[in-house]
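Coordinates in review
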Amino acid sequence: MQKRIWFPLAIALLLTACRQQSNSNDSQNTGLSSDTISMTMSSRHAPDSTPPPPFQTMGKVVAMHYADVKFETTLPVLRVMVHNGDHVQRGQLLAEQDATKQTNAVEQHQREIEQAQLQMQDVIISQGYDPEHIENVPQRVRHIAEVKSGLLLAREKLAAARHELKITRVAAPFDGIVANVTAHAGQLAQTGDIVCRVISPLQMDVEFRVMEADLSHFVVGTHLQVVPVADEHAVYDAKVTEVNPIVDEKGTVMLRAHVATPHQLFDGMHVTVLLK
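Residues numbered from 1 in each chain as written. Predicted model: local features only at pLDDT ≥ 70, side-chain atom pairs only at ≥ 80, totals over all residues. Heavy atoms only, no water.

1. Observations concerning the overall build of the chain
- Assigned secondary structure in the chain consists of four helices and 14 strands.
- Per-residue burial over the chain gives 30% buried out of 276 residues.
- Sequence-distant contacts in the chain: of pairs separated by 6 or more residues, those separated by 24 or more amount to 71%.
- About 18600 Å² of surface is accessible on the chain, with carbon and sulfur atoms providing 54% of the total. (Helix = DSSP H or I, 4+ residues; strand = E, 2+ residues; numbered from the N terminus. Buried < 20%, exposed > 50% of the residue type's maximum accessible area, 1.4 Å probe, protein only. Contact = heavy atoms within 4.5 Å. Areas by Shrake-Rupley, 256 points an atom, 1.4 Å probe, with all protein chains shown as cover.)

2. Here we look at the packing of helix α2 (residues 100-126) against helix α3 (residues 139-149)
- Their axes nearest at 8 Å, the elements α2 and α3 cross at an angle of 130°. Compared by their axis directions, α2 and α3 come out oblique. The element α2 and its partner α3 pack so that their crossing is right-handed. When α2 is examined against α3, the residues A116, Q119, M120, V123 and I124 are found in contact with a partner set consisting of R142, A145, E146, K148 and S149.
- Partitioning the contact of α2 with α3 into residue classes produces five nonpolar, two polar and three charged. (Axes fitted to C-alpha atoms, helices over the stretch in contact; angles between N-to-C directions. Parallel < 35°, antiparallel > 145°, perpendicular 65-115°, else oblique. Left-handed = near helix turned anticlockwise from the far one by under 90°. Nonpolar A, V, L, I, M, F, W, Y, C, P; charged D, E, K, R; others polar.)

3. Focus: the sheet that holds strand β6 (residues 169-171)
- Spatial strand order, β6-β5-β3-β8: four strands in an open sheet with antiparallel pairing. Of all the strands in the sheet, the pair left with one neighbour each is β6 and β8 (188-189). (Pairing = 2+ DSSP bridges.)

4. Quick word on the nonpolar core
- The biggest cluster of nonpolar side chains holds 23 residues, and the ones touching the most others in it are V61, V206, F208, L224, L255 and V271.
- When contributions to this core are tallied by element, the ones reaching two or more residues are β1 (56-63), β10 (204-211), β11 (223-228), β12 (236-247), β13 (252-259) and β14 (270-275).
- Ignoring sequence-local partners within four residues, the contact set of L224 consists of F208, F218, Y236, D237, A238, V240, A257, V273, L274, L275 and K276.
- Of all hydrophobic cores here, the second largest spans 17 residues; its members include V69, V178, A183 and V198. (Core = buried A, V, L, I, M, F, W, Y, C linked by side-chain atoms within 4.5 Å.)

5. Things to note about the environment of N244
- Note that N244 resides in strand β12.
- Take N244: its relative accessible area is 37%, and that puts it in the partly exposed class.
- Taking the C-alpha atoms as reference, N244 lies 9.8 Å from R209; in sequence the two are 35 residues apart.
- Excluding residues that lie within four positions of it along the chain, N244 makes contacts with V253 and M254.

6. Concerning the pattern of salt bridges
- In this structure the tally under the stated criterion is eight salt bridges.
- A salt bridge links R256 to E242, with the shortest nitrogen-to-oxygen separation between them at 3.9 Å. With R256 in strand β13 and E242 in strand β12, this residue pair connects regions lying 14 residues apart in the sequence.
- On the basis of relative accessible area, R256 is assigned to the buried category, the value being 14%.
- Classification of E242 as partly exposed rests on a relative accessible area of 45%.
- Through salt bridges with shared partners, a single ionic network connects D205, E207, E242 and R256. (Salt bridge = Lys/Arg side-chain N within 4 Å of Asp/Glu carboxyl O.)

Read these as layout, nothing more, since geometry by itself doesn't imply function.
So this is what it looks like as structure tokens:
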């Protein structure tokens, strides 16, 4: 009888001891997990002593002063005197067309003027004046003599012929660099066809976009640094000159900055824009 009572009691004591050991292990495991989360959050929010990198974005160089030089008449191209990258001065000849017809017209009208001047002398003599002393001939008589002799008309024709000859030659409108040469000798150039583009290398801007949230850092007058992708060692100073008051569908705003000394910068060149 005593053995029957003792055996269930021993089993109960053994089960109680197992439960206490299990609770102790669970308590230890929970404590480790809590410490690990705490350390991770602390390291995530710990202050970083390294300064943040400077704001930067990509931009594109835009020439502010350029001109597409065009032919003004329809004629074959005789020759083109420039190549891409050439430096030219204002008035320098870039290309010329075959102006044989225009040259002949100028010479013809010059001969007509000579003949008209002789006829004018005859008219002046008929009015009783000496053509050798034209200063003594009244203005009214001289005008009548010019009209009757055809001298006025001949002068107008000569002026028109000289203009037609002049526009067969294309010259640089200002000092600059030649780009996009499309004309070549032998082609039939139409009125308005482009010979080349002349770009002023002294007036360059940079266009770039920033997010709407960063716009407050880029007010007009903000100083920037521009680094060409083609040469990371070249650094140019620039200053924000325009802020386009439109936010596009991507949440960006277009800005423009003027480069102080844009030597070696090309129109369309990609650059990195840094907030100075």
